[in-house]
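A structural walkthrough
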Amino acid sequence: KVEKFLSAIKQHKYEFLLTEKTIWSPKDPALIQAMLWDYYRFLEEKKLPQEHIMPYLHGNNPDYHPGYSLFIKTLGEFKVWRGPVEIKTKEWSRDKARKLLQILVAHRGQFIRSEQLVDWLWPDKSREQGKQNLKVIINALSRILEPERQGHTPYFIERNTQGYGLIDFNKFFVDADLFEARVQLGLKYYQQNKLELAREVLEEAVSIYEGDYLPEMGYEEWAPLDQEAMRRLYMDAAGRLAEIYFQ
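First, a word on scope: everything that follows refers to the structure included in this document. (Residues numbered from 1 in each chain as written. Predicted model: local features only at pLDDT ≥ 70, side-chain atom pairs only at ≥ 80, totals over all residues. Heavy atoms only, no water.)

1. A few points about the pairing of strand S2 (residues 79-82)
Working note: regular strand, side chains alternate between the two faces of the sheet. Alternating positions in S2 separate cleanly, Val 80 and Arg 82 being buried on one face and Lys 79 and Trp 81 remaining unburied on the opposite face. Inspection of the sheet shows strand S1 (residues 70-73) paired to S2 by four bridges, in the antiparallel sense. Looking at S2, one finds that Lys 73 is bridged to Lys 79. Hairpin connection of S1 to S2: five residues between the antiparallel strands, including Gly 76 at a positive phi of 95°. Bridging between S2 and strand S3 (residues 85-86) involves two bridges; their strand directions are antiparallel. Looking at S3, one finds that Arg 82 is bridged to Val 85. What sits between S2 and S3 in their antiparallel hairpin is a turn of two residues, with Gly 83 showing a positive phi close to 60°. (Buried < 20%, exposed > 50% of the residue type's maximum accessible area, 1.4 Å probe, protein only. Helix = DSSP H or I, 4+ residues; strand = E, 2+ residues; numbered from the N terminus. Pairing = 2+ DSSP bridges.)

2. Some points on helix H9 (residues 226-245)
For H9, spanning 20 residues, the distance from its first C-alpha to its last is 28 Å, which sits close to the expected 28 Å at 1.5 Å a residue. Taken residue by residue, H9 has Gln 227, Met 230, Leu 233, Ala 237, Leu 241 and Ile 244 as its buried positions. All buried residues of H9 fall inside an arc of 125° around its axis, so they share one side. In this structure, the buried residues of H9 make contact with helix H7 (175-191) and helix H8 (195-208). (Expected span 1.5 Å × (residues − 1). Arc of directions from axis to C-beta. Contact = heavy atoms within 4.5 Å.)

3. What about the nonpolar core?
Counting residues in hydrophobic clusters, the biggest one holds 56 residues, and the most contacted among them are Leu 101, Leu 141 and Phe 179. When residues of this core are traced back to their parent elements, those giving at least two are S1, helix H4 (95-106), helix H5 (114-121), helix H6 (127-145), strand S6 (172-174), H7, H8 and H9. Take this core: its biggest share by element is seven residues, from H4. Once residues within four sequence positions are removed from consideration, Phe 179 is found in contact with Leu 75, Ala 205, Ile 208, Tyr 209, Met 230, Leu 233 and Tyr 234. (Core = buried A, V, L, I, M, F, W, Y, C linked by side-chain atoms within 4.5 Å.)

4. Comments concerning H5
Within H5 the residues assigned to the buried category are Ser 114, Leu 117, Val 118, Trp 120 and Leu 121. Projected down its long axis, H5 carries its buried residues within an arc of 165°, all on one side.

5. Some points on the pattern of salt bridges
Enumeration according to the criterion identifies 18 salt bridges in this entry. In this structure, the salt-bridge partner of Arg 199 is Glu 196, at a minimum N-O distance of 2.3 Å. Of this pair, Arg 199 and Glu 196 both sit in helix H8, three residues apart, roughly one helical turn. Using a relative accessible area of 23% as the deciding quantity, one classes Arg 199 as partly exposed. Using a relative accessible area of 45% as the deciding quantity, one classes Glu 196 as partly exposed. Here the salt bridges do not stand alone but share partners, grouping Arg 113, Glu 115 and Lys 131 into one network. (Salt bridge = Lys/Arg side-chain N within 4 Å of Asp/Glu carboxyl O.)

6. Considerations on the packing of aromatic side chains
Under the defined criterion, the tally for this structure stands at six aromatic pairs. For the pair Phe 169 and Phe 172, a centre-to-centre distance of 5.1 Å together with 40° between the ring planes defines the contact as tilted. For Phe 169, a relative accessible area of 41% translates into the label partly exposed. A centroid spacing of 5.2 Å and a plane angle of 40° characterise the contact between Phe 179 and Tyr 209, whose relative ring orientation is tilted. Of the two residues, Phe 179 sits in helix H7 while Tyr 209 sits in the loop between H8 and H9, which places them 30 residues apart along the sequence. Taking the relative accessible area as the measure of exposure, Phe 179 reaches 0% and is therefore buried. (Phe/Tyr/Trp six-rings, centres within 6.5 Å; stacked < 30°, edge-to-face > 60°.)

Here's what the structure looks like:
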């Protein structure tokens with residue numbers, strides 16, 4: 001079935017449906033990626049050619065694919081969805097697991113040293129005790145994000161010799177990233193005097209901003225400077241919108 005699907009895609013020149021975000025794409029691109037990676041592993045196991053499927057695959061061959069992305073809300077409040085399913089408050093069995101995820105989100109795209117995580121999460125514990133605690137919390141967080149995973153390497157939280165991180169932006173989506181991108185695009189349209197396009201994009205950006213970035217982090221040591229930067233972006237967007245409305 002997958003082979004027929006790919007053949008039809010190529011025959012009718014619909015490759016963009018697998019490589020670009022369109023109105024016909026599923027909201028969660030991980031649905032297609034999970035299917036394609038399963039098919040890739042099938043071809044690999046049968047020692048069949050895989051070259052024709054490679055252009056459509058994101059990232060490296062995962063040990064396991066959960067079949068969904070993470071959608072992370074950071075503006076106004078902190079919420080996480082596994083695909084369309086929100087992680088409920090009762091599922092956060094450990095407060096430290098929730099805090100750890102907030103730290104990884106705040107520093108997404110980079111690995112954070114285990115020692116640094118220990119210092120941020122357990123400043124009053126010994127380094128050895130903190131490392132043991134970190135292993136427990138990493139496992140707890142991975143189970144929350146991937147409750148169906150059994151014996152596989154965690155998909156979302158990556159690890160290397162440097163530490164842990166949310167690295168692959170194809171696996172998760174953060175509202176603050178979308179907000180920033182829409183503001184920048186809207187301001188670009190405004191500078192080009194494309195006021196109708198600017199209005200549409202800036203209205204979308206303003207609607208995304210529902211409050212401070214990661215409001216729970218306060219003045220924690222691990223908190224980046226993004227809160228104030230997000231506020232300034234919001235004020236810039238709102239200010240340009242006001243100018244457009246009064247023209």
